[in-house]
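# Close look at the chain arrangement
Read off the chains here:
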Amino acid sequence: MGISISHGVPFTRSATTIANLGQHLAHTLTGSEWQEAAYLFDGHLYTPISTPPAQAGRIAVLLMKAASSRAMDPEWAQLAVLLGGAANRASKADQNWVWD
């Protein structure tokens, strides 16, 4: 069963894919930055997650930062950019960013 992510992410993503991206993010972001976003990427997405707009905006910044890092694999960077764009759209629309 896939995870649907609001604000323009086409197709669902598996919990495994989300967790794998999280591993790449954990190695790219600083420890404190990773802690801000880790709850989204722990691979235990059994319940919907609703991230408030301001927090979604911050996560968008972190995802874009990680995606632009030379340490990030290009394929995973593409997914980080896709999710970062969705988080940014949710923030700009003053809406919760929802994963379910």
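Scroll up to find the structure.
So, here's what we can say about the structure. (Residues numbered from 1 in each chain as written. Predicted model: local features only at pLDDT ≥ 70, side-chain atom pairs only at ≥ 80, totals over all residues. Heavy atoms only, no water.)

### With respect to the packing of aromatic side chains
For clarity, the cut-off: Aromatic rings from Phe, Tyr and Trp, with only the six-membered ring used for Trp, were paired whenever their centres fell within 6.5 Å, and each pair was classed as stacked if the ring planes differed by under 30 degrees, edge-to-face if by over 60, and tilted otherwise.
Summed over all chains, the structure comprises three aromatic pairs. For the ring pair Trp-97 and Trp-99, a centre distance of 5.3 Å and an interplane angle of 90 degrees mean the geometry is edge-to-face. An aromatic cluster of three or more residues is present, and its members are Trp-34, Phe-41, Trp-97 and Trp-99.

### Overview of helix H4 (residues 74–92)
Using the following cut-off: Each helix corresponds to a stretch of at least 4 residues labelled H or I by DSSP, and each strand to a stretch of at least 2 residues labelled E; elements are numbered beginning at the N terminus. Multiplying 1.5 Å by the helix residue count minus one yields the expected span of that helix. Throughout, exposure labels follow a simple rule: accessible area from a 1.4 Å probe, protein chains only, divided by the maximum for the residue type, with under 20% read as buried, over 50% as exposed, and the rest as partly exposed. For this analysis, residues touch if any pair of their heavy atoms sits within 4.5 Å. The definition of a polar contact used here is a pair of N or O atoms within 3.5 Å, where within protein one atom must be able to donate a hydrogen and the other to accept one, and adjacent residues in sequence count solely through side-chain atom pairs.
End to end, H4 covers 26 Å across 19 residues, agreeing with the expected 27 Å (1.5 Å per residue, within 8%). The set of residues buried in H4 consists of Ala-77, Leu-79, Ala-80, Leu-83, Gly-84, Gly-85, Ala-86, Ala-87 and Ala-90. Buried residues along H4 sit in contact with helix H1 (15–28), helix H3 (53–67) and strand S2 (97–99). Taking the backbone nitrogen of Glu-75 as reference, a side-chain oxygen 2.9 Å away marks Asp-73 as the first, capping residue of H4. Phi turns positive, to about 55 degrees, at Asp-94, one or two residues after H4.

### Brief notes about H1
With 14 residues, H1 extends 20 Å between its outermost C-alpha atoms, agreeing within 8% with the 20 Å of an ideal straight helix rising 1.5 Å per residue. All of the buried residues along H1 are Ile-18, Ala-19, Leu-21, Gly-22, Leu-25 and Thr-28. Buried-residue contacts for H1 involve helix H2 (31–37), H3, H4 and S2.

### Regarding the pattern of salt bridges
Basically, it comes down to this: Only one rule defines a salt bridge in this text: a Lys or Arg side-chain nitrogen within 4 Å of an Asp or Glu carboxyl oxygen.
Under the definition given, this model contains two salt bridges. One salt bridge in this structure joins Lys-65 and Glu-33, with 2.7 Å as the shortest N-O distance. Here Lys-65, found in helix H3, pairs with Glu-33, found in helix H2; they are 32 residues apart in sequence, far enough to count as distant. Residue Lys-65 is classed as partly exposed on the basis of its relative accessible area of 39%. Linking Arg-58 and Glu-36 is a salt bridge whose minimum nitrogen-to-oxygen distance equals 2.9 Å. One end of the pair, Arg-58, is in helix H3; the other, Glu-36, is in helix H2, with 22 residues separating them in the sequence.

### A look at the packing of H1 against H4
Basically, it comes down to this: Between N-to-C directions, angles span 0 to 180 degrees; the directions come from axes that are lines fitted to C-alpha atoms, helices contributing only their stretch in contact. Here the angle decides the label: under 35 degrees means roughly parallel, over 145 means roughly antiparallel, 65 to 115 means roughly perpendicular, and every other value means oblique. Classes in brief: Ala, Val, Leu, Ile, Met, Phe, Trp, Tyr, Cys and Pro nonpolar; Asp, Glu, Lys and Arg charged; the others, Gly included, polar.
It is at 10 Å that the axes of H1 and H4 come closest, and there the two elements cross at 105 degrees. Comparing the axis directions of H1 and H4 gives the class roughly perpendicular. In this structure, H1 uses Thr-17, Asn-20, Leu-21 and His-24 to contact H4, whose residues at the interface are Trp-76, Leu-79, Ala-80 and Leu-83. Looking at the contact of H1 with H4, its residues break down into five nonpolar, three polar and no charged.

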